[in-house]
Amino acid sequence: MVKSAKSTKTAKKSFYEVVFTGKPKVVRAYLAGLTAGSGQDATIFFSFQEGVFHEGKVERLSELMHVRALDCHVIVDVDTSNRLKKVAKTLEMETGLAITSNRHIRSASLAFGFEAFAKRYNDEIVEVIRNLPPGLRLDGYTHDVKLDPSAKGVEAYTVTHDYEAKGTGIVVGRVDLLIELKRKLQDFPLVKSEEIELNLA
């Protein structure tokens, strides 16, 4: 009963996407100082580091060509978001940074796919996907396994395989848990995961 209550509490954490105008290294230094100064723990993820989608190709190209000011998308916990709201008006004068957006993340999603030619690799991947923590759910999952005993032992000479497994799906839920999952999936070369997409309020 206690475990169930803990899981429910964990799943209710709130996160916000904060968009800064300014260089990522300056944003990083500022957030490190803000966290140290508050004396409180903070959860901070940089979208460009964690594979979180934050804008289209046109905007990225514009930044590379210096057509518009560089921006930095950061995911933070609710307490850090509130602290940033309080300092937003004086931030640019003090640091040269500006906050252009501070929006609640309702949920996030991560699409993935995999292809494995050995049962043990398939089983390892499926184990991760099927045992998601509270706060994440699996949507639209498809999984297909084909067996061809006649092809056993000829993999080195042909594209035919005696075992072939394919799977696709979307994991939906809390953004911090999705970031952890994406990191975990990166340990599996046979899994391709897309960028994490945010559903913003």
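Everything below is about the structure shown above.
Residues numbered from 1 in each chain as written. Predicted model: local features only at pLDDT ≥ 70, side-chain atom pairs only at ≥ 80, totals over all residues. Heavy atoms only, no water.

Draft legend 1. Layout of helix 7 (residues 175–185). Burial analysis of helix 7 places 8 of its 11 residues in the buried class, the great majority of the element. Taken together, the buried positions of helix 7 are occupied by Val 175, Asp 176, Leu 177, Leu 178, Ile 179, Leu 181, Lys 182 and Leu 185. (Buried < 20%, exposed > 50% of the residue type's maximum accessible area, 1.4 Å probe, protein only. Helix = DSSP H or I, 4+ residues; strand = E, 2+ residues; numbered from the N terminus.)

Draft legend 2. Structural detail: the side chain of Asp 176. You can see Asp 176 is positioned in helix 7. Reaching out from Asp 176, the side chain makes a polar contact with the side chain of Arg 174 at a distance of 2.7 Å. Ignoring anything within four residues of it in the chain, the contact list for Asp 176 reads Phe 15 and Phe 45. (Polar contact = N/O pair within 3.5 Å; in protein donor to acceptor, adjacent residues only side chain to side chain. Contact = heavy atoms within 4.5 Å.)

Draft legend 3. Spotlight on the packing of helix 2 (residues 24–38) against helix 5 (residues 78–95). Taken N-terminus to C-terminus, the directions of helix 2 and helix 5 make an angle of 130 degrees; their axes are 13 Å apart at the nearest point. Comparing the axis directions of helix 2 and helix 5 gives the class oblique. Like other packed secondary-structure pairs, helix 2 and helix 5 cross with a definite hand, here right-handed. When helix 2 is examined against helix 5, the residues Tyr 30, Leu 31, Leu 34 and Ser 38 are found in contact with a partner set consisting of Arg 83, Leu 84, Val 87, Leu 91 and Thr 95. (Axes fitted to C-alpha atoms, helices over the stretch in contact; angles between N-to-C directions. Parallel < 35°, antiparallel > 145°, perpendicular 65-115°, else oblique. Left-handed = near helix turned anticlockwise from the far one by under 90°.)

Draft legend 4. A look at the packing of aromatic side chains. Counted under the stated rule, the structure contains 2 aromatic pairs. A ring pair is formed by Phe 112 and Tyr 141, whose centres lie 6.5 Å apart and whose planes are at 35 degrees; its orientation type is tilted. Of the two residues, Phe 112 is situated in strand 4 (residues 98–116) and Tyr 141 in strand 5 (residues 136–147); the sequence distance between them amounts to 29 residues. Over the aromatic face of Phe 46 sits the side chain of Arg 28, whose NZ or CZ is 4.5 Å from the ring centroid. (Phe/Tyr/Trp six-rings, centres within 6.5 Å; stacked < 30°, edge-to-face > 60°. Lys NZ or Arg CZ within 6 Å of the ring centre and 35° of its normal.)

Draft legend 5. How the structure looks around the layout of surface pockets. Taken as a whole, the largest pocket encloses approximately 150 Å³ of empty space. In terms of lining, the largest pocket is formed by Lys 13, Ser 14, Phe 15, Asp 41, Ala 42, Thr 43, Asp 77, Val 78 and Asp 79. Looking at the lining of the largest pocket residue by residue, the class counts come to 3 nonpolar, 2 polar and 4 charged. (1 Å grid on protein atoms, 1.4 Å probe; cavity = no way out; pocket = protein on both sides within 12 Å on 5 of 7 lines; lining within 4 Å. Points joined across faces, edges and corners; volume = space filled by probe spheres on them. Nonpolar A, V, L, I, M, F, W, Y, C, P; charged D, E, K, R; others polar.)

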